[in-house]
Amino acid sequence: MTLEEYLSNFGNINRKPSLEAMEYFMKEFDYPNKKTRFIHIAGTNGKGSVCEMINNVLVNEGYKVR
């Protein structure tokens, strides 16, 4: 099944997204997750403090941080 076929039938299929579907998409898009580096920070409280702390650690280790 091609990506276009999968997407055109997506609404018609009564199944939950699966790991196999995610692997298919990652392969189709040449694994974009392997080409980027990021840290995802989520939650209700403390995101600013956590970001500042991680930023300081990375900068002190010589990493470029945006």
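Our structure is the block above this text.
To keep things clear, this report deals only with the structure shown in the data block. (Residues numbered from 1 in each chain as written. Predicted model: local features only at pLDDT ≥ 70, side-chain atom pairs only at ≥ 80, totals over all residues. Heavy atoms only, no water.)

Here we take up the overall build of the protein. Secondary structure summary: the protein contains three helices and zero strands in total. The order of helices and strands in the protein, counted from the N terminus, is α-α-α. Counting all 66 residues of the protein, 5% fall into the buried class. Of the roughly 6400 Å² that the protein leaves accessible, carbon and sulfur atoms contribute 55%. (Helix = DSSP H or I, 4+ residues; strand = E, 2+ residues; numbered from the N terminus. Buried < 20%, exposed > 50% of the residue type's maximum accessible area, 1.4 Å probe, protein only. Areas by Shrake-Rupley, 256 points an atom, 1.4 Å probe, with all protein chains shown as cover.)

A word on the pattern of salt bridges. Counted under the stated rule, the structure contains one salt bridge. When the shortest N-O distance is used, the salt bridge between Lys-35 and Asp-30 registers 2.9 Å. Residue class for Lys-35 comes out exposed when judged on its relative accessible area of 59%. (Salt bridge = Lys/Arg side-chain N within 4 Å of Asp/Glu carboxyl O.)

Positive phi, close to 60°, is recorded for Asp-30, a residue that is not glycine. Within the secondary structure, Asp-30 sits in the loop between helix H2 (19–28) and helix H3 (47–60). The phi torsion at Tyr-31 lies on the positive side, around 50°, for a residue other than glycine. Relative to the assigned elements, Tyr-31 resides in the loop between H2 and H3. Relative accessible area serves as the criterion here: at 32%, Tyr-31 is assigned to the partly exposed category.

Attention now goes to a nonpolar patch on the surface. There is a patch of nonpolar side chains on the surface, built from Val-50, Met-53 and Val-57 and spanning about 260 Å² of accessible area. Within the secondary structure, Met-53 sits in helix H3. Of the residues examined, Met-53 reaches a relative accessible area of 52% and is grouped as exposed. (Patch = residues over 30% accessible without salt bridge, like charges linked within 9 Å, V, L, I, M, F, W, Y side chains within 5 Å.)

Quantified by volume, the largest pocket comes out at close to 500 Å³. For the lining of the largest pocket, the class distribution of residues is eight nonpolar, one polar and three charged. (1 Å grid on protein atoms, 1.4 Å probe; cavity = no way out; pocket = protein on both sides within 12 Å on 5 of 7 lines; lining within 4 Å. Points joined across faces, edges and corners; volume = space filled by probe spheres on them. Nonpolar A, V, L, I, M, F, W, Y, C, P; charged D, E, K, R; others polar.)

Looking now at the packing of aromatic side chains. Applying the stated rule across the entire model yields one aromatic pair. With a centroid separation of 5.8 Å and an interplanar angle of 75°, the aromatic rings of Tyr-24 and Phe-25 are classed as edge-to-face. Just above the ring of Tyr-31 sits the side chain of Lys-34; from NZ or CZ to the centre is 4.8 Å. (Phe/Tyr/Trp six-rings, centres within 6.5 Å; stacked < 30°, edge-to-face > 60°. Lys NZ or Arg CZ within 6 Å of the ring centre and 35° of its normal.)

By themselves, these figures tell us nothing about what the structure is for.
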